[in-house]
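Residue-level structure breakdown
Each chain, letter by letter, is given below.
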Amino acid sequence: MDVFAAISGRRSIRSYLDREVEQEKIERILEAGRLSPSAGNRQEWKFIVVKDAATREKLGVAAGGQTFVGRAPVVLAACGTECEAFMPCGQLAYTVDVSIAFAYMLLQAYELGLGTCWIGAFDEYVVKEILNIPDHVRVVALSPLGYPSHPVPRRPRKDIEQIACFETYRH
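Fair warning: this is a prediction, and the values are worked out from it, not measured in the lab.

Let's shift gears to helix α3 (residues 53–62). Along α3, the residues that are buried comprise Thr-55, Arg-56, Leu-59, Gly-60 and Ala-62. Burial along α3 is one-sided: seen end-on, the buried residues are contained in an arc of 160°. Those residues of α3 that are exposed and angled more than 90 degrees off the buried face are Glu-57, Lys-58 and Val-61. Where the residues of α3 are buried, they touch β1 (45–50), α4 (67–71), β2 (74–80) and α6 (124–131). For α3, the side-chain oxygen to backbone nitrogen distance between the N-cap and Ala-54 is 3.3 Å, and the N-cap itself is Asp-52. Downstream of α3 by a residue or two, Gly-64 has a phi angle that is positive, lying close to 70°.

Structural data, given as structure tokens:
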């Protein structure tokens, strides 16, 4: 896999073919999350794979009515299982760790010919209720997963000069 090609080629997919995702591909995506780095190698995460159509539809409603979420053949939920630990820099470890793992998973999905869309707009309480997630666990992100129904054009990106500084922060 050419990592840069995956990063530059990946798009947020909101329309999927009515085609089942092979279990081997799902397992490969989960393996990408399992192998990702985490603070202190604690791996305080849980990934939920949802194939049931009625449950997926409910998740689409919980995601602010984004019905495309429920129309994908699979929905992934990424959760932090230990949510009290802070990194020495002051960041909550679970948000960073789960985000890294989920990003790896979505890139792996792209490399396997699948589409995803990082969903951060959802009612966490409702998602937890739908998926029977314990109170102490936090849902960091959702993503539909499936074969894209059509190509999606690249969206504009800021120039490097707008997002990067060298040596010190500059406006």
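From this point on, the discussion continues.
A few words now on the packing of α3 against α6. Between α3 and α6, the least distance of the axes is 9 Å, while the angle of their chain directions is 170°. By the criterion of interaxial angle, the relationship of α3 to α6 is roughly antiparallel. Residue-level contacts link Thr-55, Lys-58, Leu-59 and Ala-62 of α3 to Val-126, Val-127, Ile-130 and Leu-131 of α6. Of the residues in the contact of α3 with α6, the class split is six nonpolar, one polar and one charged.

Turning next to the environment of Thr-95. Tracing the chain through its elements places Thr-95 in helix α5 (residues 93–111). Assessed through its relative accessible area of 28%, Thr-95 is described here as partly exposed. With 56 residues separating them along the chain, Thr-95 and Ala-39 place their C-alpha atoms 11 Å apart. Side-chain polar atoms of Thr-95 contact the backbone oxygen of Leu-92, separated by 3.0 Å.

Conventions adopted
Residues numbered from 1 in each chain as written. Predicted model: local features only at pLDDT ≥ 70, side-chain atom pairs only at ≥ 80, totals over all residues. Heavy atoms only, no water. Buried < 20%, exposed > 50% of the residue type's maximum accessible area, 1.4 Å probe, protein only. Helix = DSSP H or I, 4+ residues; strand = E, 2+ residues; numbered from the N terminus. Arc of directions from axis to C-beta. Contact = heavy atoms within 4.5 Å. Polar contact = N/O pair within 3.5 Å; in protein donor to acceptor, adjacent residues only side chain to side chain. Axes fitted to C-alpha atoms, helices over the stretch in contact; angles between N-to-C directions. Parallel < 35°, antiparallel > 145°, perpendicular 65-115°, else oblique. Nonpolar A, V, L, I, M, F, W, Y, C, P; charged D, E, K, R; others polar.

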